[in-house]
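# Commentary on secondary and tertiary structure
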Amino acid sequence: MKFDVVEPGEEQAMLPESEQGTAAERAIPEAAGEPQVRPGVHPRLVRASASMHRRVKADLVTLESSLNRLGQAITAAQRSEPSPDADAAPPRNFRAGAFSRRG
């Protein structure tokens, strides 16, 4: 696998050193418990990251509720099934010899 080293473009995450101070002032104010934004990170990247985190949290809440409903449905289905009797005769189409090793 071959990798080429390239200089970051204008649209990429890091700002030139001359603009880092002004970008830090324009960045979204941080809430309590949020990680601190590193100097030089583009404000658009900060906003995109915050938006992504909000969407992921919302998706996780939806996923958790779906998994809870699925678990409840499985539990209800297991309760409604009759328990198999251990001494019951096998079905007529069951062939025990099909599972033996043939040499």
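Structure: above.
Notes on the structure in this doc start here.

The secondary structure content of the chain amounts to 2 helices and 0 strands. For the chain, the accessible surface area stands at approximately 9900 Å², while carbon and sulfur atoms represent 55% of it.

Now for a nonpolar patch on the surface. Side chains of M52, V56, L60, L63, L67, L70 and I74 sit close together on the surface and give an oily, nonpolar patch of about 630 Å² of accessible area. Take L67: it is sitting in helix α2 (residues 43-80).

Moving on, we come to the side chain of H42. Looking at the secondary structure, you find H42 in the loop between α1 (17-26) and α2. Residue H42 is classed as buried on the basis of its relative accessible area, which comes to 19%. Reaching out from H42, the side chain makes a polar contact with the backbone nitrogen of R44 at a distance of 3.0 Å.

What counts as what
The written sequence of each chain sets the order in which its residues are numbered from 1. It should be noted that, the model being predicted, local features are given only for residues of pLDDT at least 70 and side-chain atom pairs only at 80 or more, the latter also being counted only at that level, while totals for whole chains, interfaces and linings use all residues. Only hydrogens and water are removed before side-chain values are computed, so all heavy atoms of the structure are retained for them. Under the scheme used here, helices are H or I runs from DSSP no shorter than 4 residues and strands are E runs no shorter than 2 residues, and both carry numbers assigned from the N terminus. Areas reported as accessible are Shrake-Rupley estimates using a 1.4 Å probe. Residue values count occlusion only from the protein chains shown. Excluding any residue in a salt bridge, patches collect residues exceeding 30% relative accessible area, merging like charges within 9 Å and nonpolar Val, Leu, Ile, Met, Phe, Trp and Tyr side chains within 5 Å. Any carboxyl oxygen of Asp or Glu that lies within 4 Å of a side-chain nitrogen of Lys or Arg is treated as forming a salt bridge with it. Here the term buried applies to any residue with accessible area under 20% of the maximum for its type, exposed to any over 50%, and partly exposed to those in between, with areas from a 1.4 Å probe on protein chains only. A 3.5 Å cut-off defines polar contacts: any pair of N or O atoms within that distance qualifies, except that in protein one atom must be a possible hydrogen donor and the other a possible acceptor, and neighbouring residues in sequence count only when both atoms are side-chain atoms.

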